[in-house]
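So you can see what is in the structure, the chains are spelled out below.
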Amino acid sequence: MTTPYDRHLALWNLSVDGTPIHTHSSDLLPVRHRDRPAMLKIAREAEEKRGGLLMNWWNGDGAARVYADDGEGTLLLERACGPRSLAQMARNGQDEEATRILCDAVARLHAPRAQPVPQGLATLREWFADLPVYAASHGGVLRRCWEIAQELFDDPREVVPLHGDIHHENVLDAGPERGWIAIDPKRVMGERGFDYANLFTDPDGETALAPGNFERRLAVVTECARIERRRMLQWIVAFQGLSAAWFLSDAEQPDKEFAIIGKALNELDRV
């Protein structure tokens with residue numbers, strides 16, 4: 001029986017080293033490549049395929065190395081095999097340490113590089129296209145989120161290529177030599193503060209909304225990222241508004257997103 005992986009297994013002389021993984025946007029298969037662990041990733045959605053632009057541009061610095069790329073959305077990537085999990089850390093009393101690791105990972109991806117920035121990255125205004133639609137249809141807090149997002153877009157600061165989807169399961173332990181590496185970027189260009197705004201609802205609602213966690217994460221992020229507190233709160237509101245719009249478009253209730261927006265707005269009103 002043929003599988004989606006057969007062509008690339010032969011093309012790149014790979015051997016299967018685990019069970020296939022299927023997500024909403026990709027098919028993945030643990031493999032071995034030249035006697036080292038790797039991950040064969042076949043993207044099914046156009047947006048996921050474009051993430052390869054940044055993976056190649058980072059060239060293994062802060063992100064998984066790209067061992068091969070067919071140019072059509074299939075990548076052969078370094079496979080992180082370290083034992084630690086940021087999600088488990090956050091759930092088991094090490095939330096502050098996990099947040100600091102995530103901040104370090106983001107900063108490494110944002111570091112200046114000699115190579116020209118890849119062409120074809122979306123602007124944040126384009127990335128936020130769904131938010132004004134739901135702000136108009138739902139009003140209320142989503143309208144406030146969109147107003148704040150527009151303020152940020154009109155006054156961009158420190159624009160860099162962004163990962164676009166940093167969270168606890170997109171930064172992986174690759175062992176003592178390689179450290180923590182990022183996977184699964186989107187294709188976005190914009191103010192660096194955007195990439196920190198997703199850290200406030202993961203790895204799950206129970207953890208993110210535990211008493212004091214929002215405030216502690218905010219303190220850690222503003223310290224590590226050196227982002228002014230008000231600016232960070234604005235990015236949290238804007239991004240979580242966009243995330244809420246995406247959940248609504250899938251007919252899901254964005255309860256934790258609205259809860260974090262409420263916390264951030266309360267802090268903003270006091271600044």
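Shown above is the structure to which this text applies.
Residues numbered from 1 in each chain as written. Predicted model: local features only at pLDDT ≥ 70, side-chain atom pairs only at ≥ 80, totals over all residues. Heavy atoms only, no water.

**Examining the overall build of the chain**
Step number 1: From N to C terminus, the chain includes 13 helices and eleven strands.
Step number 2: When burial is assessed residue by residue, the chain has 53% of its 271 residues classed as buried.
Step number 3: Restricting to contacts in the chain with at least 6 residues of sequence separation, those with at least 24 account for 66%.
Step number 4: In the form shown here, the chain has an accessible surface area of approximately 12,700 Å², with 49% of it arising from carbon and sulfur atoms.
Step number 5: Counting 32 positive and 42 negative side-chain charges, the chain places the averaged centre of each group 3 Å from the other. (Helix = DSSP H or I, 4+ residues; strand = E, 2+ residues; numbered from the N terminus. Buried < 20%, exposed > 50% of the residue type's maximum accessible area, 1.4 Å probe, protein only. Contact = heavy atoms within 4.5 Å. Areas by Shrake-Rupley, 256 points an atom, 1.4 Å probe, with all protein chains shown as cover. Lys, Arg positive; Asp, Glu negative; His and termini not counted. Charge placed at Lys NZ, Arg CZ, Asp CG, Glu CD.)

**Describing the packing of aromatic side chains**
Pairs of aromatic rings are described using the distance from one ring centre to the other and the angle between the two planes.
Step number 1: Tallied over the entire structure, the rule returns eight aromatic pairs.
Step number 2: Relative to Trp 235, the ring of Phe 194 has its centre 6.0 Å away and its plane inclined at 85 degrees; by these criteria the two rings are edge-to-face. Here Trp 235 lies in helix H12 (residues 229–249) and Phe 194 lies in the loop between strand S11 (188–191) and helix H10 (205–208), a separation of 41 residues in the sequence. Judged on exposure class, the residue Phe 194 and its partner Trp 235 are both buried.
Step number 3: Taken together, the ring pairs in this structure connect Phe 128, Trp 146, Phe 153, Phe 194, Trp 235 and Phe 239 into an aromatic cluster.
Step number 4: When the ring centre of Tyr 67 is taken as origin, the NZ or CZ atom of Arg 36, which lies over that ring, is 3.8 Å away. (Phe/Tyr/Trp six-rings, centres within 6.5 Å; stacked < 30°, edge-to-face > 60°. Lys NZ or Arg CZ within 6 Å of the ring centre and 35° of its normal.)

**Quick word on the pattern of salt bridges**
Step number 1: Inspection of the entire model under this criterion finds 24 salt bridges.
Step number 2: Of the charged contacts, one joins Arg 144 and Asp 269 as a salt bridge, the two residues approaching to 3.5 Å between their closest N and O atoms. Taken together, the positions of Arg 144 in helix H8 (residues 140–154) and Asp 269 in helix H13 (residues 255–270) put the pair 125 residues apart, joining distant regions of the chain.
Step number 3: Arg 144 gets classed as partly exposed once you look at its relative accessible area, which sits at 32%.
Step number 4: Asp 269 sits in the exposed class, given a relative accessible area of 54%.
Step number 5: Ionic pairing is found between Glu 267 and Arg 270, a salt bridge with its closest N-O pair at 2.8 Å. (Salt bridge = Lys/Arg side-chain N within 4 Å of Asp/Glu carboxyl O.)

**Considerations on the environment of Leu 268**
Step number 1: Structurally, Leu 268 is set in helix H13.
Step number 2: A sequence separation of 39 residues divides Leu 268 from Arg 229, and the C-alpha atoms of the two residues are 8.9 Å apart.
Step number 3: Beyond its immediate stretch of four places on either side in the chain, Leu 268 contacts Ile 148, Arg 230, Leu 233, Gln 234 and Val 237.

In short, shape yes, function no, at least from these values alone.
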